[in-house]
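# Tertiary structure, described
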Amino acid sequence: MVNRLSTLFVKKATVITLSLFFMLACSEQRADHFKLAGATMGTTYHITVLKEETATVSEEELQQAIDQQLQLINQQMSTYLPDSELSKINNKPSLGEAIAVSPNLMDVLLLSHEVSWLTSGAFDITVGPLVNLWGFGPSFDVNQQQTTPDPNDIKLLIDTIGFRHIDFDLGESSITKHKAIVMDLSGVAKGYAVDKISELLDYAGFKNYMVEIGGELRLSGHSPRGIPWQIAIEQPEANSLGQVFQAVSLSGAGLATSGDYRNYFEKDGKRYSHTIDPRTGYPIDHALASVTVVAETSAYADALATAINVLGPEKGMELANSQDIAVFMIVKTEQGFTTKYSQAFEPYIINLSN
Ligand code: ADP
Ligand code: MG
């Protein structure tokens, strides 16, 4: 199963372990909690669950249900599987015709649209052709020499980009494409899968848990120490895996980080990020090293983190403050990294020097 799942969303397996790591999570199994882990969507997942007497399933049953859920979501949303529901829709030439969509996929498409509207198109799942053109699509190989595309090809593709080219019919659970768009859900699907696993845990009677896929998280209740979960935002450098940059404390929320320090290629001394600005067709190029978002759900945090990363340090922070979004930024300066955060993020900050 794990092997099947490694036909994936993103190539993060080779270039990323976690964008966050868990400072206070214990490394061994203990009487009061258990851990589950595996591979999915080109990356890894880690789940810590506090035991409940009222829980309705065993650990083995839970692991099985989680793997089934992940496999289902992968089969619905992966651009890496040619026969996934998303790939089939992407390959359908029919314009102006209603295409039936599964409830999960509809959820993600609607949430993506909401974030597109909110961010004036900085987040846009129709960015797929540009992601592929820049070499970050399914055929991406971190070890291969990358080339930068011809500016004329970028210009030609821009015309097919735009979340507005999709219409929704909620009653019929269908969408209609008005251009030959290609959707890419890699910027939101990991967060969505985290939320679906949280739902599964809630349903099985667990109240206190942490679910993480590729650095996108959802925290519920309290940690094994009986206090809210404590998470470390890591140092935004490719070779500094696991170094704590900022500790945060939260519960009953999702958290996601988007950064330019893992998924990129370098050519002639310039770094090209896997996050593309759909409005220009070019990878983002600004001083923002990483952006962490806390939101009600992990999917929302995931999409918003990617969006605010596109908007950059000034516009991104303006949006965060005007929309009351909890955002923490690490910004590159000539003197090193500096940080800034929105008002809504303040309650989560742990001041380690105290
Ligand atoms: P990060 O944690 O760096 O945000 P994600 O995996 O969440 O990484 O999202 C990045 C992926 O989303 C890219 O690999 C690409 O497939 C897709 N993507 C790139 N740019 C955008 C964008 N502007 N809007 C939506 N998705 C994007
Ligand atoms: Mg994202």
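Note: the structure precedes this text.
Notes on the structure follow. Bear in mind that the values here come from a model prediction, so they are computed numbers and not experimental data.

So, about the sheet that holds strand β6 (residues 174–177). Read from one edge of the open sheet, 3 strands run β4-β6-β5, paired in antiparallel fashion. This sheet does not close on itself; its edge strands, each paired only once, are β4 (98–100) and β5 (166–169). Taking each pair of neighbouring strands and ignoring which way they run, the sheet shows an average axis angle of 30 degrees. Contacting β5 and β6, helix α5 (residues 103–118) crosses the sheet at an angle of about 125 degrees to β5.

In a structure, side chains of opposite charge can pair up when their charged atoms sit close to one another. Evaluation of the coordinates by the stated rule reveals 6 salt bridges. The salt bridge involving D159 is made with K179; its shortest N-O contact spans 3.7 Å. On the criterion of sequence distance, the pair formed by D159 in the loop between α7 (151–158) and β5 and K179 in the loop between β6 and α8 (189–203) is long-range, its members being 20 residues apart. For D285, the salt bridge is made with K270, and the minimal N-O distance between the two is 3.1 Å. Of the two residues, D285 sits in the loop between β15 (282–283) and β16 (288–295) while K270 sits in strand β13 (residues 270–273), which places them 15 residues apart along the sequence. A relative accessible area of 33% places K270 in the partly exposed class.

Within strand β11 (residues 253–259), 7 of the 7 residues are buried, which leaves the element mostly enclosed by the surrounding structure. Taking every second residue as pointing to the same face, both faces of β11 are buried, with A253, L255, T257 and G259 on one and G254, A256 and S258 on the other. One ladder, built from 6 bridges, connects β11 with β16; its direction is antiparallel. Residue pairing for β16: L255 is matched across the bridge by V294.

Counted at 1.5 Å a residue, the expected span for helix α3 (residues 59–77) with its 19 residues is 27 Å, and the 27 Å between its end C-alpha atoms agrees. For α3, every residue scored as buried is listed here: L62, I66, D67, Q69, L70, I73, N74, Q76 and M77.

Through backbone hydrogen bonds, the strands of a sheet pair up, either in parallel or in antiparallel fashion. Overall, antiparallel pairing links the 8 strands, which are arranged β2-β3-β7-β8-β11-β16-β17-β18 in an open sheet. The open sheet is flanked by β2 (33–40) and β18 (336–341), the only strands paired with a single partner. Adjacent strand axes in the sheet meet at a mean angle of 10 degrees, parallel and antiparallel pairs treated alike. Bridge analysis of strand β7 (residues 209–213) against strand β8 (residues 216–220) gives 5 bridges, and the strand direction is antiparallel. Looking across to β8, one finds that E212 is bridged to L217. In this fold α8 packs onto β3 (43–50), β7 and β8, with an angle of close to 150 degrees to the strand it touches most, β7. Contacting β8, β11, β16, β17 (326–333) and β18, helix α9 (residues 298–323) runs over the sheet at an angle of about 130 degrees to β16.

Before going further, it helps to examine the site of ligand 1. Near ligand 1 lie 22 residues; those nearest to it are D184, K190, S258, I276 and T306. Side-chain polar atom of K190 to an oxygen atom of ligand 1: 2.7 Å apart, as the coordinates give it. For ligand 1, the accessible surface in isolation is 570 Å², of which the surrounding protein chains cover 98%. By residue class, the composition of the shell around ligand 1 is 7 nonpolar, 8 polar and 7 charged.

With that settled, the discussion passes to the coordination of the magnesium ion (ligand 2). Bound to the magnesium ion (ligand 2) on the protein side are G187 (O), D302 (O), D302 (OD) and T306 (OG1), at distances that span 2.1 to 2.7 Å. All donors of the magnesium ion (ligand 2) come from a single chain, and their spacing in sequence reads G-x114-D-x3-T. Within this pair, D302 and its partner T306 are both found in helix α9, separated by 4 residues, close to a single helical turn.

Here we take up the pairing of β16. Counting buried positions over the 8 residues of β16 gives 8, a clear majority of the element. As paired elements, β16 and β17 share 6 bridges and run antiparallel to each other. Residue pairing for β17: S290 is matched across the bridge by I330.

Let us look at the packing of α5 against α9. Viewed as axis vectors pointing N to C, α5 and α9 meet at an angle of 10 degrees, and their least axial separation amounts to 10 Å. On the basis of their axis angle, the class for α5 and α9 is roughly parallel. Contact residues: L111, E114, V115 and L118 in α5; A299, Y300, A303, L304, A307, L319 and Q323 in α9. For the contact of α5 with α9, the residue count by class is 9 nonpolar, 1 polar and 1 charged.

This next bit is on the packing of aromatic side chains. Considering all chains together, one arrives at 9 aromatic pairs under this definition. Relative to Y348, the ring of F345 has its centre 5.6 Å away and its plane inclined at 70 degrees; by these criteria the two rings are edge-to-face. Linked through ring pairs, F328, Y341, F345 and Y348 together constitute an aromatic cluster.

With 16 residues, α5 should reach 22 Å at 1.5 Å per residue; the first-to-last C-alpha distance of 23 Å fits that figure. Considered for burial, the residues of α5 that qualify are N104, L105, M106, V108, L109, L111, S112, H113, V115 and S116. Where the residues of α5 are buried, they touch α3, α4 (85–91), β5, β6, α8 and α9. One or two positions beyond α5, positive phi appears at S120, with a value near 50 degrees.

How each quantity is defined
Residues numbered from 1 in each chain as written. Chains lettered and ligands numbered in written order. Predicted model: local features only at pLDDT ≥ 70, side-chain atom pairs only at ≥ 80, totals over all residues. Heavy atoms only, no water. Pairing = 2+ DSSP bridges. Helix = DSSP H or I, 4+ residues; strand = E, 2+ residues; numbered from the N terminus. Axes fitted to C-alpha atoms, helices over the stretch in contact; angles between N-to-C directions. Contact = heavy atoms within 4.5 Å. Salt bridge = Lys/Arg side-chain N within 4 Å of Asp/Glu carboxyl O. Buried < 20%, exposed > 50% of the residue type's maximum accessible area, 1.4 Å probe, protein only. Expected span 1.5 Å × (residues − 1). Near = heavy atom within 4 Å. Polar contact = N/O pair within 3.5 Å; in protein donor to acceptor, adjacent residues only side chain to side chain. Areas by Shrake-Rupley, 256 points an atom, 1.4 Å probe, with all protein chains shown as cover. Nonpolar A, V, L, I, M, F, W, Y, C, P; charged D, E, K, R; others polar. Donors = N, O, S within 2.8 Å, 3.2 Å for Na, K, Ca; no water. Parallel < 35°, antiparallel > 145°, perpendicular 65-115°, else oblique. Phe/Tyr/Trp six-rings, centres within 6.5 Å; stacked < 30°, edge-to-face > 60°.

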